[in-house]
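What follows is the residue order along each chain.
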Amino acid sequence: MAFEAFFEALAITFTLPVLGGILLGLLLGLVFGAVPGLNAVLGIVLLLPFVWSLSPFVAFAIMLSLVSAVHTSNTFPAFFFNVPGSPSAAATILDGYPMARNGDAARGLTAAFMVSAVGGIIGALVLLVALPALQPVVLAFAAPERFMLVVLGILMISFLSGAKPVKGLTAGALGLWLGTVGQDPQLGVARYTFGSDYLLDGIQTVPIIMGLFALPEVVSLAIRGRIAERTHVDMGEGFRPGLRACIANRWLMVRSAVVGVVGGAIPGIGGTAAAFYAYGMAVQGAEGAERERFGKGEIKGVIAPESANNASAGGELVPLLAFGVPGGATSAILLAAFLILGVNPGPEMLGEKLSLSFSMVIVLVLSNLLATAVCIAITRPAARIAFLKSNLLIPALLLFVLFGSYVAYPHPYTLVLTLLFGVLGYLMMRFDWARAPLLVGFILGPLAENNLAISLASYGVAFLTRPIPLVCIAVMIMVVFVSVRRRGH
Amino acid sequence: MKTHRTIRGITLVAAAAALIFAGSPQAGAADFYAGKTITIVCPYSTGGTYDRMSRLAAKFLPRHIPGNPAAIVHNRPGAGGVIGLRSVYKAEPDGLSLIHFTSPMVVRSLTGGIKDIDFKKLTWLGSVGGAHYIFALRSNRPERTIKDFQTTKTPIRVGASGPSSLLTQAPKFLQRAGKFNIRLVPGYKGYNPMALAMKQDEVDAVSTAGSAVMVNSATREMHKDGTIKLVLSMGGAPPPDPLKAEVAALPKFVDGIADPKDRDAWVAFSGLLSASRPFGATPGLPADRAAILKKAMADMMADPEFRKTATDQGFVLNTLNAQEAEKLILSVFNLPADIQDRLKTLLK
């Protein structure tokens, strides 16, 4: 039955309407990924009104290829403007942007796109092979496990993404605090809103990213004159060194893809956090001089998050297909699309709708390959952006920053917030404070709070004695111990 | 001369007819709505049932409005739906801003949770559905009767959402009016994560719409294989067809409420469940536009294609027209003061 369903899926996926759907999704996704502020969620929401009359095969071809392409093309602005095209590329900027400044954008981008494809395909294949096997993994991660995983993530990135752990931890704590602005999720009590309806919804992620990472670069660009500090690079150096870097780091690529799949599969964790986990693991695995290069343009710092965030797209589909429970924001919209199309996710996706599940896997593979091919093809001309003069770049960058923030939450205060975070970001950059822990604390803080509250209400403090939380505690102790010991040396 | 008179007569008749036609609400609305865009505000995030119903309305409602305007959905989540509702409440009263929200939100204006919205002024357009609330329990728990729920030594962990959600308010009634030994586990962002929590044995029970149990694949399968059981009928609109017989055989929550005031408070609240999916528009609409929108809503709810599409998506359509929905929903404001006070206490 599985073989029949697979060949049926193959036949349907290679019909003109589905292939056309893949191309359409691909084009939209490349734009939604490359323009800061636009993202996969917005892309799918805009597509929803048009999917009513389509067959599920065509509709999901458009939507899934859009998601894959977003996860791939969001690397461009991360490299050139220090701003992720969408939140899932936030970890990529840590080393991607320094690579562009070192005049090494073509190699970095090529490697990023290649591992994106590999990560995406691994995610899709895991979905194909291990959908039934991953169900227990999803079930094993209840609120206590999610809480400990989130705390581990914040701790790892605070310790590993800067030279000084105290500064990292302080930035992480500031992010956690910013994440509490808005309504308390349990009691509905307003916190730090100063009577403003705008803040009742909490601070939005996009203005923080734009302000913290992109605006300081505008100032920096104005001072330096161009992104790259070198004035010339041989563009021909891009493809082969990128490919060599991927082959040399193949296990990092695979390991990060697995992190991406699992992160995507655990509801609430998602691709953005998974990319930071993968980055943290890459740093943790490095020694000596190589470790010191992280944050200054180390290619492993690009390979790990890019592999993870593309793989997470397949992972996010696991709880959705298996239990009808979305793994993140993107799959929440996909769930709506499923129901609009009259498809009820759940066990029937492994039964009577198996051919649709297979078709989704094939679409993920194809769209990852195509998105990578397109992005690599335009990498060389795109890499020239790094050598453009600042008077050309600054107006475009400012437009993207303000437009992206405003689109995320259309309100004048959004622009004010973006500027305020811009000032904070500049000060952090100036005084050598890592900004990533702040972002990670902000993104993961509400998750930690909510899962802690659920854990305490459901299990009491005994939740800490469950096996996975115990393992997380052990890993946290190890991270702190190893980090302190290394610095002691 | 005669010809002239005839022409003048025809002209007069035509002009009169035009005037009569133009004076009817249909014509006025046709003039107004043609080429316009209606915004249906969904005060919750994208992907949920209210979002999907808003999108269904955006597709089907314009077909029944003269002039066939366009319609878009605008998600304005936040503050338990208040931000979106407020945006429509304070919009220009031109009949272009509609809202689809959950009717038990009106209780928050009794409890002081919403101060700047007068629900009596809202233009009510009708309700596309109601919910029959049930209490679903994991089978590994031994309790089956109301007495069991009240006297059990180990608290039953019941999933809950935000404070203004029905998924929180309903179990609060079980706990406070029914005196069930319940420990609320709040924080789930809607029913789907709660269903997964049931599967993970993180919560023992949920109090939710019967249709939700059947739409979510996790609880549908658990219900099918006996991992969870429906153990109590809480009331509201008629249950969905596949659950009718099973729900009919269940004990009724209202029978387990000892205090008469608590019982009256629950009866008033569960009445809201019968019209839990209303559509509304800005207060103070011109009468002709309000009439057009109410009629369009009624026509949409009777539209076989709309009904089939909605049913295919798992909605249970217990529809009420504008007048019925308004009467039912606003009845909470006519409750005696002591019952209103009791409602506030129970939902605090």
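Residues numbered from 1 in each chain as written. Chains lettered and ligands numbered in written order. Predicted model: local features only at pLDDT ≥ 70, side-chain atom pairs only at ≥ 80, totals over all residues.

A. Seen up close, the domain arrangement of chain B. All names here are of chain B. Once the domains are mapped, chain B shows domain 1 (10-130 + 276-347) and domain 2 (132-273). Placing a centre on the C-alpha atoms of domain 1 and another on those of domain 2 gives a separation of 29 Å. Facing the 26 residues of domain 1 at the interface are 26 residues of domain 2. Of all the elements in the fold, those that place two or more residues in the side of domain 1 that touches domain 2 are helix H5 (107-110), helix H15 (322-330) and helix H16 (337-347). In terms of residue count, H16 provides more of the side of domain 1 that touches domain 2 than any other element does, six residues in total. (Domains from an automatic or database assignment. Contact = placed C-beta atoms within 7 Å. Helix = DSSP H or I, 4+ residues; strand = E, 2+ residues; numbered from the N terminus.)

B. Quick look at the environment of Asp 184 of chain A. By the element assignment, Asp 184 of chain A lies in the loop between strand S1 (182-183) and strand S2 (190-191). When the C-alpha atoms of Asp 184 of chain A and Leu 200 of chain A are compared, they prove to be 9.4 Å apart, with 16 residues separating the residues in sequence.

C. Representation of the pairing of strand S7 (residues 182-185) of chain B. Residue and element names in this part refer to chain B. For strand S6 (residues 156-159) and S7, the ladder comprises four bridges, and the chain directions are parallel. Across the sheet, Arg 157 pairs through a bridge with Arg 183, a residue of S7. As a crossover connection, the stretch from S6 through helix H7 (residues 166-176) into S7 is right-handed. (Pairing = 2+ DSSP bridges. Right-handed = clockwise from strand over helix to strand, strands pointing away.)

D. Main features of the nonpolar core. Residues Met 63, Leu 66, Ile 303, Ala 337 and Leu 439 of chain A are the most contacted members of the largest nonpolar core, which totals 273 residues. Among the elements that take part in this core, helix H7 (residues 105-140) of chain A stands out by supplying 16 residues, more than any other. Both of domain 1 (10-130 + 276-347) and domain 2 (132-273) of chain B provide at least three residues apiece to this core. What Ala 337 of chain A contacts, discounting residues up to four positions off in sequence, is Ile 44, Leu 48, Val 51, Ala 59 and Met 63 of chain A. (Core = buried A, V, L, I, M, F, W, Y, C linked by C-beta atoms within 7 Å. Buried ≥ 20, exposed ≤ 12 C-beta atoms within 10 Å, placed from the backbone.)

E. The packing of helix H14 (residues 270-285) of chain A against helix H16 (residues 300-323) of chain A, seen in detail. Residues and elements named next belong to chain A. Running from N to C, H14 and H16 point in directions that differ by 145 degrees, and their axes come no closer than 8 Å. Considering how the two elements wind past one another, H14 and H16 form a crossing that is right-handed. Together, Gly 270, Gly 271, Ala 274, Ala 275, Ala 278, Tyr 279, Met 281 and Ala 282 of H14 and Lys 300, Gly 301, Ala 304, Pro 305, Ser 307, Ala 308, Asn 309, Ser 312, Ala 313 and Glu 316 of H16 make up the contact between the two elements. Residue composition of the contact of H14 with H16, by class: ten nonpolar, six polar and two charged. (Axes fitted to C-alpha atoms, helices over the stretch in contact; angles between N-to-C directions. Left-handed = near helix turned anticlockwise from the far one by under 90°. Nonpolar A, V, L, I, M, F, W, Y, C, P; charged D, E, K, R; others polar.)

F. Spatial organisation of the sheet that holds strand S11 (residues 320-321) of chain B. Residue and element names in this part refer to chain B. An order of S2-S1-S3-S10-S4-S11 is seen for the six strands of this open sheet, with the pairing classed as mixed. What marks the edges here is a single partner per strand, and that holds for strand S2 (70-75) and S11. Direction of pairing for strand S1 (residues 37-42) relative to S2: parallel, over a ladder of six bridges. When the bridges of S2 are listed, Cys 42 appears paired with Asn 75. Of the strands in this sheet, S1 and strand S3 (97-100) touch helix H4 (residues 82-89), which is tilted by about 150 degrees from S3. Relative to strand S4 (residues 123-127), helix H13 (residues 287-302) is tilted by about 10 degrees, and along the sheet it contacts S4, strand S10 (278-281) and S11.

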